[in-house]
Amino acid sequence: MLPESAPAAPPEKMEIVPLSRAGELPAKGRETASTWGRRLLIAAVLVWFAALILVPGAALVRQAFANGWEPLAAALAEPEVKRAFVMSVGLALIATVVNTVFGIVMALVLVRQRFFGRTLIDGIVDLPFAVSPIVAGLMLIVLYGPESPIGGWLEARGFQVIYALPGMVLATMFVTVPFVVRELSPILRELGEEYEQAAYTLGAGRWRTFRSVTLPSIRWGVAYGVTLTVARCLGEFGAVLVVSGNVVGRTQTATLYIADGIDSFHPEGAYAASLVLAAASFLLLVGMDLLRHRLEGAREVEP
């Protein structure tokens, strides 16, 4: 007789792990792949950022200081450069003040009010992002140029818009309209109207509610919008070129001076002005971000 075979061992029960605990399972291979994936992603982002921002910026700094400090300082001390920077700063100041005030009002209207055409206006606010600045300048010439009805009527009364300061202000304002509005709109939507309604219930008027409740809640959005607006105003070229006429000493901005310096094969002043504009924009953006983080950190440690 054949020996009786041993009884087969019962199959082991497989533990069924719910999906919510799947992350607790050991997965060495998956962790290794995930680590390499993260490293490759970070490396790709850094290479892309360096190729577009860091390397060109370093090349500009190197070229500006190629012959030392003296040529750079001499180029910045020229009267044409000083007048160009004064013009750029003046345009930035005017456009920033006007667009900040109306940007806050427009953001409040678009978020808090309901009216016919609101969605259309909300989309048109981003038009300066989509339209070339040169096209924007051409639109202003068509509307306010000497041959247009409005421009001819104004010039007949001694008020010149195109090829003068008013046209440059309008062009700069046009290209910087969206910044304050787009910084404030999501903040106002997230904030809601509860605190404002509570202030109304306690007897506060609209102005006091805005000053005491709304404005403190959106102050960082306003600050970022103003910072972006100033940086964009200082760097505007296309629209201002079309409507200014680029008259040296009268309607020439810093960016127009840079273009003239490159075209005339005298790039020393162009390098110097470019370095100043780039440094100003960098300090504005980074300084605002550092200030916000510092104030928020100080607020968190308060007892």
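Structure first, text after, so check above.
Rules used throughout
- Residues numbered from 1 in each chain as written.
- Predicted model: local features only at pLDDT ≥ 70, side-chain atom pairs only at ≥ 80, totals over all residues.
- Heavy atoms only, no water.
- Axes fitted to C-alpha atoms, helices over the stretch in contact; angles between N-to-C directions.
- Helix = DSSP H or I, 4+ residues; strand = E, 2+ residues; numbered from the N terminus.
- Parallel < 35°, antiparallel > 145°, perpendicular 65-115°, else oblique.
- Left-handed = near helix turned anticlockwise from the far one by under 90°.
- Contact = heavy atoms within 4.5 Å.
- Nonpolar A, V, L, I, M, F, W, Y, C, P; charged D, E, K, R; others polar.
- Patch = residues over 30% accessible without salt bridge, like charges linked within 9 Å, V, L, I, M, F, W, Y side chains within 5 Å.
- Areas by Shrake-Rupley, 256 points an atom, 1.4 Å probe, with all protein chains shown as cover.
- Salt bridge = Lys/Arg side-chain N within 4 Å of Asp/Glu carboxyl O.
- Buried < 20%, exposed > 50% of the residue type's maximum accessible area, 1.4 Å probe, protein only.

S.K.: Can you explain the packing of helix α3 (residues 79–112) against helix α8 (residues 165–175)? Please cite residues and give values.
M.R.: Taken N-terminus to C-terminus, the directions of α3 and α8 make an angle of 55 degrees; their axes are 9 Å apart at the nearest point. Between α3 and α8, the angle falls in the class oblique. For the crossing formed where α3 meets α8, the hand is right-handed. Contacts from M87, L91, I94, A95, V98 and N99 in α3 reach L165, M168, V169, T172 and M173 in α8. Looking at side-chain class alone, the contact of α3 with α8 contains nine nonpolar, two polar and no charged residues.

S.K.: How would you sum up a nonpolar patch on the surface? Please name residues and give values.
M.R.: A grouping of L93, I94, V97, V101, F102, V105, M106, V109, F115 and I121 is seen on the molecular surface, where their side chains present a nonpolar patch of about 850 Å² in accessible area. For the nonpolar patch, the leading source of residues is α3, giving eight residues. Its location among the elements puts V97 in helix α3. Residue V97 is classed as partly exposed on the basis of its relative accessible area, which comes to 48%.

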